[in-house]
Amino acid sequence: MARSALVSEGFNSWKRVNDGEKCAFLIHVGSLSSSHNRCTKCVQDLMKPKQNIDKVLNAQSTEEIIKNRLRLKATIEGLLWLATQGCSFRGHDESKSSLNRGNFIELLKFQAHLNDEIAKVVLHNAPQNARYTSPQIQKEILHILANKVRTMIRDKLGDAKFCILVDEAQDESKKEQMSLIFRFVNNSGFLVERFFEILSVEDTTSANLKKSISDIFVQHNIQIHNMRGQGLTLVAAAKDVPSIWQFFSYLTSIVNFVISSPKHLSDLQSAQQEEIAYMLAIGECESGTGANQIGTLHRPGATRWSSHYDSVRNLIDMYEATCKILGNLSENGSNGTIRGEACDFQVMELNCKFSEATMELFALCSALDPTDSFKKFNMGDICKLASKFYPTDFTQQEIHALRVKLEHYQLDIVYDHEFQQISTLSALYREMIVTKKVESYVMIQRLIRLVLTLPVSTATTERAFSSMKFLKTTRCNKMGDDLLSDCMILYIERQLSEKIDLESVIDEFYTLKSHRAHLK
């Protein structure tokens, strides 16, 4: 009764206030476990800052965030490790009773075995709505990781001039896949090739390839006006361009025809000796150690376009001698077959099928080559190379100034003993950076960078398709195009994959959907 009077009805028995043990107030207070004392304790706790409800809730929220981020980070680390090792993610049976739940789940279990903190928050210890192990979650995380690598490549490319290498092959599911590789010179002077994307194409016509490449450029803000070459190494695309197919078809046929016979090869070398003797006699070439070597033609390789470059360059160097023996064989061959084949490769045919512009580009580029102590250095050819083949990169005023700079370059670099030991153009460029010569020869280094980006190699494209065959196997032939592309770039560019900031991946994953569990 006293309790209700003091709490709800009001108190009016004041004559009993001083009534000893029967005091209504004392009875109301009661023992330590009474309602009054419990309420008093709650009020006191509420008034203490450390026991404030907001702080208690905030502490619980912070703890939840830490657990969620740790759980997600374990998932990201596991997926990244599997991707860079080229391993599959899913298992045939991922149920709890399975002895092998697949690489991803088993790796997560292994992480938990090594780390008690991870063990407390993953798999069966994780809330149902935030386990971060579903196939969809895996794909989302892999896509974020892959885009982080693409962003690194895009940042390294910057505004530099570049070329693209494009190739095509069928994957395990018989889809036509087109790979895209960027070839450029980085700020340290190193020539790099970076795998960037692989995507399924319905056909390999030039129009469709152009659209696919343009879409990638737009998506990643890559400026097409900085592109200085395209290495379209597709068989189907080559067939669509008759001049390309004819060029390399004739090149291969001529080389095979000449070097397959010891007699033809001997005739070629004899023709070279006669030509060199004649050129020396009229003063068109100089004698000296290592000069005027007798060489032979080289077959272009099936997959390495650098070998195509070497093959074309050798033919240019021995062009007159090659034409001479073909002419002789067409008239004096030992049988009708040889005479007929040689007649197909007569001088007029060669002049028709081998583009003068292509041959001129190769010849002019060699003027920058430091091989054999800059033996082929020629200021006129270098100026012509800049003005004729790179008119958008050099103003007329710069072309006029280039010759003056080349005169200083010849004295400062070409005649320098240390530079004369260099054998490749890329090594020359790096040495110019190390010795700070680049600052003095800006236009020359710009031209060297342009020449270095010429699409003469497909090593990275070959590696890309080898990786595709490794990742998309018969057992994994249903892998989607986006997942295949993401896995390939993480696998091929693993050096960049290792530099990914995992905390930034967690933050980006949080922004994908508003209903994510607390990660911030």
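Residues numbered from 1 in each chain as written. Predicted model: local features only at pLDDT ≥ 70, side-chain atom pairs only at ≥ 80, totals over all residues. Heavy atoms only, no water.

1. Observations concerning the overall build of the chain
Then, number 1: The number of helices and strands found in the chain is 25 helices and four strands.
Then, number 2: In the chain, which comprises 520 residues, the proportion classed as buried is 42%.
Then, number 3: Considering only contacts in the chain between residues 6 or more positions apart, those separated by 24 or more positions represent 66%.
Then, number 4: About 28900 Å² of surface is accessible on the chain, with carbon and sulfur atoms providing 52% of the total. (Helix = DSSP H or I, 4+ residues; strand = E, 2+ residues; numbered from the N terminus. Buried < 20%, exposed > 50% of the residue type's maximum accessible area, 1.4 Å probe, protein only. Contact = heavy atoms within 4.5 Å. Areas by Shrake-Rupley, 256 points an atom, 1.4 Å probe, with all protein chains shown as cover.)

2. Focus on the pattern of salt bridges
Then, number 1: As enumerated under the stated definition, the model contains 19 salt bridges in all.
Then, number 2: A salt bridge links Arg-150 to Asp-486; the nearest nitrogen and oxygen atoms lie 3.2 Å apart. Note that Arg-150 is positioned in helix α7 (residues 135-157) and Asp-486 in helix α23 (residues 481-492), a separation of 336 residues in sequence. Note on accessibility: Arg-150 and Asp-486 belong to one class, buried.
Then, number 3: Linked through salt bridges whose partners overlap, the residues forming this network are Arg-69, Lys-73, Glu-503 and Asp-507. (Salt bridge = Lys/Arg side-chain N within 4 Å of Asp/Glu carboxyl O.)

3. Some points on the nonpolar core
Then, number 1: The biggest cluster of nonpolar side chains holds 70 residues, and the ones touching the most others in it are Phe-182 and Leu-490.
Then, number 2: Here the element with the most residues in this core is α7; it accounts for 10 residues.
Then, number 3: With residues up to four places along the chain from it excluded, the contact list for Phe-182 reads Leu-157, Phe-162, Cys-163, Ile-164, Val-192, Glu-193, Arg-194, Phe-196, Phe-217 and Ile-222.
Then, number 4: Counting 36 residues, the second largest nonpolar core, distinct from the first, contains Leu-364, Leu-368, Tyr-409 and Met-432. (Core = buried A, V, L, I, M, F, W, Y, C linked by side-chain atoms within 4.5 Å.)

4. Digging into empty space enclosed by the protein
Then, number 1: Within the structure shown, the criterion is met by one cavity of 30 Å³ or more.
Then, number 2: What the largest cavity holds in volume is close to 40 Å³.
Then, number 3: Taken together, Arg-154, Leu-157, Gly-158, Asp-159, Ala-160, Phe-162, Ile-222, Gln-223 and Asn-226 make up the lining of the largest cavity. (1 Å grid on protein atoms, 1.4 Å probe; cavity = no way out; pocket = protein on both sides within 12 Å on 5 of 7 lines; lining within 4 Å. Points joined across faces, edges and corners; volume = space filled by probe spheres on them.)

5. Observations regarding the packing of aromatic side chains
Then, number 1: Within this structure, the stated rule accounts for eight aromatic pairs.
Then, number 2: Between Phe-377 and Tyr-409, the ring centres sit 5.9 Å apart and the planes meet at 35°, which makes this aromatic pair tilted. Residue Phe-377 is located in the loop between α17 (371-374) and α18 (379-389), and its partner Tyr-409 is located in helix α19 (residues 396-414); the two are separated by 32 residues in the primary sequence.
Then, number 3: A relative accessible area of 14% means that Phe-377 is categorised as buried.
Then, number 4: On the basis of an interplanar angle of 80° and a centroid distance of 5.7 Å, the ring pair of Tyr-409 and Tyr-441 is categorised as edge-to-face. (Phe/Tyr/Trp six-rings, centres within 6.5 Å; stacked < 30°, edge-to-face > 60°.)

6. Observations concerning the side chain of Asp-369
Then, number 1: Among the secondary structure elements, Asp-369 is positioned in the loop between α16 (356-365) and α17.
Then, number 2: At a separation of 2.7 Å, a polar atom in the side chain of Asp-369 contacts the side chain of Thr-371.
Then, number 3: Ignoring any residue separated from it by four or fewer positions in sequence, one finds Asp-369 in contact with Arg-313, Phe-374 and Ser-423. (Polar contact = N/O pair within 3.5 Å; in protein donor to acceptor, adjacent residues only side chain to side chain.)

7. Re α7
Then, number 1: Taking 1.5 Å as the rise per residue, α7 with 23 residues should run 33 Å; its terminal C-alpha atoms sit 33 Å apart, in good agreement.
Then, number 2: One or two steps after α7, the chain reaches Gly-158, where phi turns positive at roughly 55°. (Expected span 1.5 Å × (residues − 1).)

8. Quick word on the confidence of the model for the chain
Then, number 1: This prediction gives the chain a mean pLDDT of 78; 74% of its residues lie at or above 70.
Then, number 2: Within the chain, α7 carries the highest mean pLDDT (94), whereas helix α15 (residues 347-353) carries the lowest (47).
Then, number 3: Low confidence marks residues 345-350, where pLDDT is under 50. Its contacts with residues over four positions away, or in another chain, come to 15 contacts. (pLDDT = per-residue confidence, 0-100.)

9. As for the packing of α7 against helix α25 (residues 502-512)
Then, number 1: One way to put it is that α7 packs onto α25 with a least axis distance of 10 Å and a crossing angle of 125°. Taken together, the axis directions place α7 and α25 in an arrangement best described as oblique. The crossing of α7 and α25 is right-handed. From α7, Ile-137, Glu-140, Ile-141, Ile-144, Leu-145 and Lys-148 reach across to α25, where they touch Ser-504, Val-505, Glu-508, Phe-509 and Leu-512.
Then, number 2: When its residues are assigned to classes, the contact of α7 with α25 shows seven nonpolar, one polar and three charged. (Axes fitted to C-alpha atoms, helices over the stretch in contact; angles between N-to-C directions. Parallel < 35°, antiparallel > 145°, perpendicular 65-115°, else oblique. Left-handed = near helix turned anticlockwise from the far one by under 90°. Nonpolar A, V, L, I, M, F, W, Y, C, P; charged D, E, K, R; others polar.)

10. With respect to the packing of α7 against α23
Then, number 1: At their nearest, the axes of α7 and α23 sit 9 Å apart, and the two run at 50° to each other. What the angle tells us is that α7 and α23 run oblique. For the element pair α7 and α23, the recorded crossing hand is left-handed. Within the contact between the two elements, α7 uses Lys-139, Leu-142, His-143, Leu-145, Ala-146, Val-149, Arg-150 and Ile-153 and α23 uses Leu-483, Ser-485, Asp-486, Cys-487, Ile-489 and Leu-490.
Then, number 2: For the contact of α7 with α23, a count of residues per class yields nine nonpolar, two polar and three charged.

11. Here we look at unusual backbone geometry
Then, number 1: For Asn-221, which is not glycine, the phi dihedral falls at a positive 55°.
Then, number 2: Considering the arrangement of structural elements, one finds Asn-221 in the loop between α8 (206-219) and β4 (227-232).

12. Overview of α25
Then, number 1: Here α25 has its buried residues at Leu-502, Val-505, Ile-506 and Phe-509. Summarising the axial view, the buried residues of α25 lie within an arc of 100°, below the 170-degree limit, and thus occupy one face. (Arc of directions from axis to C-beta.)

13. What to know about the side chain of Lys-437
Then, number 1: Residue placement: Lys-437 occurs in the loop between α20 (425-434) and α21 (442-452).
Then, number 2: Here Asp-412 takes part through its side chain, which lies 2.9 Å from a polar atom of the side chain of Lys-437.
Then, number 3: Those residues in contact with Lys-437 that sit more than four places away from it in its chain are Asp-412, Ile-413, Phe-419 and Met-432.

14. Describing the pairing of strand β1 (residues 162-170)
Then, number 1: Counting buried positions along β1 yields eight of nine residues, so the element is predominantly enclosed.
Then, number 2: What sits between β1 and strand β2 (residues 176-185) in their antiparallel hairpin is a turn of five residues, with Lys-174 showing a positive phi close to 70°. (Pairing = 2+ DSSP bridges.)

15. Observations concerning the environment of Met-152
Then, number 1: As for its placement among the helices and strands, Met-152 is situated in helix α7.
Then, number 2: A C-alpha to C-alpha distance of 9.4 Å links Met-152 and Ser-497, two positions 345 residues apart in sequence.

16. Thoughts on the pairing of strand β3 (residues 191-200)
Then, number 1: Among the 10 residues in β3, seven count as buried, and that is most of the element.
Then, number 2: Both β2 and β3 contribute to a ladder of nine bridges, which runs antiparallel. Note on β3: the bridge partner recorded for Leu-180 is Glu-197.

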